[in-house]
Amino acid sequence: MDHEADAFRTDLMTITRFVLNEQSKYPESRGDFSILLSHIVLGCKFVCAAVNKAGLAKLIGLAGETNGEEQKKLDVLSNEVFVKALVSSGRTCILVSEEDEEAIIVEPSKRGKYCVVFDPLDGSSNIDCGVSIGTIFGIYMIKDSGAARLEDVLQPGKNMVAAGYCMYGSSCTLVLSTGSGVNGFTLDPSLGEFILTHPDIKIPKKGKIYSVNEGNAKNWDGPTAQFVEKCKFPKDGSPAKSLRYIGSMVADVHRTLLYGGVFLYPADKKSPNGKLRVLYEVFPMSFLMEQAGGQSFTGKERALDLVPKKIHERSPIFLGSYDDVEEIKALYAAEEKA
Ligand SMILES: O=P(O)(O)OC[C@H]1O[C@](O)(COP(=O)(O)O)[C@@H](O)[C@@H]1O
Ligand SMILES: [Mg+2]
Ligand SMILES: [Mg+2]
């Protein structure tokens, strides 16, 4: 029996312990954020289990419903899981999900002071082939949850109090920032606990990878085409960058955060505002990137300074290593001057 107990490491930093430690830094805190996050974590565990057995449980394929785009069964299931988890936390007042046309205003008796914007299942085009997908979330805190209004979520991303994503890949990894750095936790399936495995993530200042759907190249604007050309054929004697593109923002951004480089989904003639949604894709990923020492740019401004007018608004995005994004900003500035 003794050898079993040895396995129990008292220093095991689970995400729950981590968040409670963070909370203890704010003596006035009532624990609302920790409770909210524990419900998000539960949602991620539930969706992770569903993703792992998607093929077995007939969760592959279309749901036969749309949100303006064809919804996959796992899109619908993940959305139901997170809406239920967030409302049952009793800590939210407004929810914005990619899968719901309208914002969800939580009934007054179940309200709390947080607004949560989320993409319940990111990378839908990769579900049926079992390639890494994920969940993305951002959290705002509002003063008066009693009077919760849509305007309370149409705020700049820099006003968020926390952001994160959970990647369902070869392992299940939850990456979180509460505004003081970025930490990564890996789900230990035997314990059912997220364990701190990537403390204080810092993105390399410059990377060797660029990540973009080159299939759209013929429709790109000048600065984007020039930047990708520089990645492939650098004129300063530096080695060419490698192209890596999974087609799931969570997975492409996760790799960028750990290895460095740049992920971009630019505007193009076909999609003048790009493809990715400001509130629940661009903002959370930009918040994490800045917290890890990188940066995020729209082609015009710092992504977190954007003020969205609609909940499903899209924006071009260039995010990643500080120096790589600086290069892109310089190309757009030069075009502006020209
Ligand atoms: O197939 P494309 O045009 O390269 O787009 C891929 C992008 O679209 C997305 O799948 C959009 O997100 P959803 O899957 O949540 O709709 C991103 O994850 C990904 O970065
Ligand atoms: Mg998405
Ligand atoms: Mg999605």
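Residues numbered from 1 in each chain as written. Chains lettered and ligands numbered in written order. Predicted model: local features only at pLDDT ≥ 70, side-chain atom pairs only at ≥ 80, totals over all residues. Heavy atoms only, no water.

- By the naming in an unreviewed UniProt entry, the chain is Fructose-1,6-bisphosphatase, cytosolic, taken from Ambrosia artemisiifolia.
- UniProt, in its Catalytic activity (unreviewed entry) section for the chain, records the words "beta-D-fructose 1,6-bisphosphate + H2O = beta-D-fructose 6-phosphate + phosphate".
- Heading Sequence similarities (unreviewed entry) of the UniProt record for the chain holds this comment: "Belongs to the FBPase class 1 family." (UniProt positions renumbered as here; feature names shortened; annotations may be inferred.)

1. Quick notes on the overall build of the chain
Reasoning step 1: Scanning the chain from N- to C-terminus turns up 8 helices and 15 strands.
Reasoning step 2: For the chain, whose C-alpha radius of gyration is 20 Å, the value lies close to the compact-globule estimate of 20 Å for 338 residues.
Reasoning step 3: Counting every position in the chain, which comprises 338 residues, the buried fraction comes to 53%.
Reasoning step 4: Looking at the chain alone, contacts between residues at least 24 apart form 63% of all its contacts between residues at least 6 apart.
Reasoning step 5: Roughly 15,600 Å² of accessible area belongs to the chain as shown, and the carbon and sulfur atoms make up 55% of that amount.
Reasoning step 6: When the 39 basic and 44 acidic side-chain charges of the chain are each reduced to a single mean position, those positions are 3 Å apart. (Helix = DSSP H or I, 4+ residues; strand = E, 2+ residues; numbered from the N terminus. Rg over C-alpha atoms; globule rule 2.2 N^0.38 Å. Buried < 20%, exposed > 50% of the residue type's maximum accessible area, 1.4 Å probe, protein only. Contact = heavy atoms within 4.5 Å. Areas by Shrake-Rupley, 256 points an atom, 1.4 Å probe, with all protein chains shown as cover. Lys, Arg positive; Asp, Glu negative; His and termini not counted. Charge placed at Lys NZ, Arg CZ, Asp CG, Glu CD.)

2. Digging into the coordination of the magnesium ion (ligand 2)
Reasoning step 1: The magnesium ion (ligand 2) binds to the protein through Asp119 (OD), Asp122 (OD) and Glu281 (OE), with metal-donor distances spanning 1.9 to 2.0 Å.
Reasoning step 2: Along the chain, the residues donating to the magnesium ion (ligand 2) fall in the pattern D-x2-D-x158-E.
Reasoning step 3: Here the magnesium ion (ligand 2) and the magnesium ion (ligand 3) are spaced 3.6 Å apart, and both take Asp119 as a donor. Residue Asp122 is located in strand β5 (residues 111-122), and its partner Glu281 is located in helix α7 (residues 278-291); the two are separated by 159 residues in the primary sequence. As far as burial versus exposure is concerned, Asp122 and Glu281 are alike and both buried. (Donors = N, O, S within 2.8 Å, 3.2 Å for Na, K, Ca; no water.)

3. Here we look at the site of ligand 1
Reasoning step 1: Ligand 1 sits among 17 residues. The nearest are Asp122, Ser124, Tyr245, Met249 and Tyr265.
Reasoning step 2: Interatomic distance of 3.0 Å between a side-chain N/O atom of Glu98 and an oxygen atom of ligand 1.
Reasoning step 3: Against a free-state accessible area of 470 Å², the protein chains account for coverage of 88% of ligand 1.
Reasoning step 4: When contributions to the shell around ligand 1 are tallied by element, the ones reaching two or more residues are β5 and β13 (262-265).
Reasoning step 5: The dominant element in the shell around ligand 1, judged by the number of residues it contributes, is β5, at 3 residues.
Reasoning step 6: Residue composition of the shell around ligand 1, grouped by class: 6 nonpolar, 5 polar and 6 charged. (Near = heavy atom within 4 Å. Polar contact = N/O pair within 3.5 Å; in protein donor to acceptor, adjacent residues only side chain to side chain. Nonpolar A, V, L, I, M, F, W, Y, C, P; charged D, E, K, R; others polar.)

4. Describing the side chain of Ser296
Reasoning step 1: Residue position: Ser296 is located in strand β14 (residues 295-297).
Reasoning step 2: Owing to a relative accessible area of 3%, Ser296 belongs among the buried residues under this scheme.
Reasoning step 3: Engagement of the side chain of Ser296 in a polar contact is seen with the side chain of Ser286, the distance being 2.7 Å.
Reasoning step 4: Contacts of Ser296, omitting those with residues within four sequence positions, involve Ser286, Glu301, Arg302, Ala303, Ile317, Phe318 and Leu319.

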